[in-house]
Amino acid sequence: MIQSFLSNVSISALLLSITMTLLFAGGMFLSLVLAGSKLTKQNKAQVLYDTLRQRTITKIKFYQRAWKVEWFDNFEMWLMVIGNGLKPKYDPYTFLICSVSFGLCVLIYFFKVTASFLLAGTCGIVACVFPFVLIYVKFLGVASATRKVFLPFVDAYTQTYLDYDRIVTLAFKEIGDRCPVEMRSVINYINLCIADSTVPFDKSIYKFAEILNFGWAHDFVSIVISGKSGEYKSIEGALNNLSVSLWAAKSVDMERNSTIKVVIMFMILLTLVSFGIMNLNMEFLKEAKQIYFATPEGINFLTISVIILTVSFLGAIIWSKKGDRL
């Protein structure tokens, strides 16, 4: 016999459980932020935090080299880019701990509600990964905004390159107010990479193309590297030709952006229609409300549906912000 979930669990208890879960995750985040930034060096808690942080990051770097996966380095780059380019938006280690803690809280909560370890584990993994996905979406938003101002950036860089004796690294450093606002966090980050003497110039400048992630940026990087290596005495002509090509490509990208907006609107409409159909079903079939919210099968169905809609919507946003678009 199927027991009624609503008859066994009151709404107030359900809301209290959700509130306690959110408070626990928020408290964990606040505690780690305070431990990472507010405590003095003389405090034992700060020493313990720094030691644990350093050991964990060292292990992460070790497994990255062993598995040839640079996800933590990329994550640090995302946080730098969505910040001001000089320091990360959030501390990567603190963010990692909070995401894992939130995922565990969601796993425990959904296991109590659904009594299904498979479904609870899926929700826990989604909850753990979801903050990273949001950071990635924000990073893609910044990258998309930089691609839109790439043409004026190339013109500004060319002028700065000529004003500062055709030195490619100095042009990055001195571009200043000529650089579009949307591009400044990326340029700040690239300048930090260039200033790091332990990292070769080619690898540092390739991060610029990696962030923007489209063909024109790779062409720009190739031109800059050729100027730095002395392959060409002046790269002014190549930069001007790149600007001309960007002007020609802008009309094509405007049509592509309109298609992307249609896809985003379709995903929003699909989400609204899904909830509308469920509400309409409950209006005509009174038993549907109990099936959806008072049985394990209904709760599992709703959970899976929300996960699918969320993943689809985020996937559409990620797809719309990637690719060779100006």
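Please refer to the structure placed before this passage.
Residues numbered from 1 in each chain as written. Predicted model: local features only at pLDDT ≥ 70, side-chain atom pairs only at ≥ 80, totals over all residues. Heavy atoms only, no water.

Chemist: Where do I start with the overall build of the protein in this structure?
Modeler: If you tally the helices and strands in the protein, you get 14 helices and zero strands. Its helices and strands in sequence order give the protein the pattern α-α-α-α-α-α-α-α-α-α-α-α-α-α, from N to C terminus. The proportion of buried residues among the 326 residues of the protein is 36%. Counted over contacts in the protein with a minimum sequence separation of 6, partners at least 24 positions apart contribute 65%. Within the structure as shown, the protein displays about 19200 Å² of accessible surface, and the carbon and sulfur contribution to it stands at 66%. (Helix = DSSP H or I, 4+ residues; strand = E, 2+ residues; numbered from the N terminus. Buried < 20%, exposed > 50% of the residue type's maximum accessible area, 1.4 Å probe, protein only. Contact = heavy atoms within 4.5 Å. Areas by Shrake-Rupley, 256 points an atom, 1.4 Å probe, with all protein chains shown as cover.)

Chemist: Explain a nonpolar patch on the surface to me, please; I cannot follow it from the model alone.
Modeler: A grouping of Leu269, Val273 and Ile277 is seen on the molecular surface, where their side chains present a nonpolar patch of about 270 Å² in accessible area. Mapped onto the secondary structure, Ile277 falls in helix α12 (residues 236-284). (Patch = residues over 30% accessible without salt bridge, like charges linked within 9 Å, V, L, I, M, F, W, Y side chains within 5 Å. Salt bridge = Lys/Arg side-chain N within 4 Å of Asp/Glu carboxyl O.)

Chemist: Sorry if this is basic, but what is going on with the packing of aromatic side chains here?
Modeler: For the coordinates displayed, the defined rule picks out 22 aromatic pairs. Both rings, one in Phe75 and one in Trp78, keep their centres 6.3 Å apart while their planes meet at 85°; by these two values the pair is edge-to-face. Note that Phe75 and Trp78 are positioned in helix α4 (residues 71-82) at a spacing of three residues, about one turn of the helix. Among the residues examined, Phe75 registers a relative accessible area of 1% and is labelled buried. Counting every residue linked through ring pairs, the aromatic cluster contains Phe72, Phe75, Trp78, Tyr90, Phe95, Phe132, Tyr136 and Phe139. Residue placement shows Lys228 over the ring face of Phe201; its charged tip is 5.3 Å from the ring centre. (Phe/Tyr/Trp six-rings, centres within 6.5 Å; stacked < 30°, edge-to-face > 60°. Lys NZ or Arg CZ within 6 Å of the ring centre and 35° of its normal.)

Chemist: How do you make sense of the nonpolar core when you look at a structure like this?
Modeler: Within soluble globular proteins, side chains that are nonpolar tend to cluster in buried spots. Membership of the largest hydrophobic core comes to 59 residues, with the highest contact counts inside it found for Phe150, Phe153, Tyr157, Met183, Phe208 and Phe220. A total of eight residues in this core trace back to one element, the largest contributor, which is α4. Contact partners of Phe208, with chain neighbours within four places excluded, come to Phe150, Phe153, Met183, Val186, Ile187, Ile190, Phe220 and Val221. (Core = buried A, V, L, I, M, F, W, Y, C linked by side-chain atoms within 4.5 Å.)

Chemist: Help me out: how do you make sense of helix α11 (residues 215-228) in this one?
Modeler: Since the α-helix packs 3.6 residues into each turn, any two residues three or four apart lie on the same face. Its 14 residues give α11 an end-to-end C-alpha distance of 20 Å, which sits within 8% of 20 Å, the value for a rise of 1.5 Å per residue. Among all positions of α11, only Ala217, Phe220, Val221, Ile223, Val224, Ile225, Ser226 and Gly227 are buried. Within two residues after α11, Gly230 carries a phi angle of roughly 85°, on the positive side. (Expected span 1.5 Å × (residues − 1).)

Chemist: I'm lost on the packing of α4 against helix α9 (residues 184-195) in this one. Help?
Modeler: Viewed as axis vectors pointing N to C, α4 and α9 meet at an angle of 130°, and their least axial separation amounts to 8 Å. Relative to α9, the element α4 lies oblique. Every residue of α9 that contacts α4 at Met77, Met80 and Val81 is listed here: Ser185, Val186, Tyr189 and Leu192. (Axes fitted to C-alpha atoms, helices over the stretch in contact; angles between N-to-C directions. Parallel < 35°, antiparallel > 145°, perpendicular 65-115°, else oblique.)

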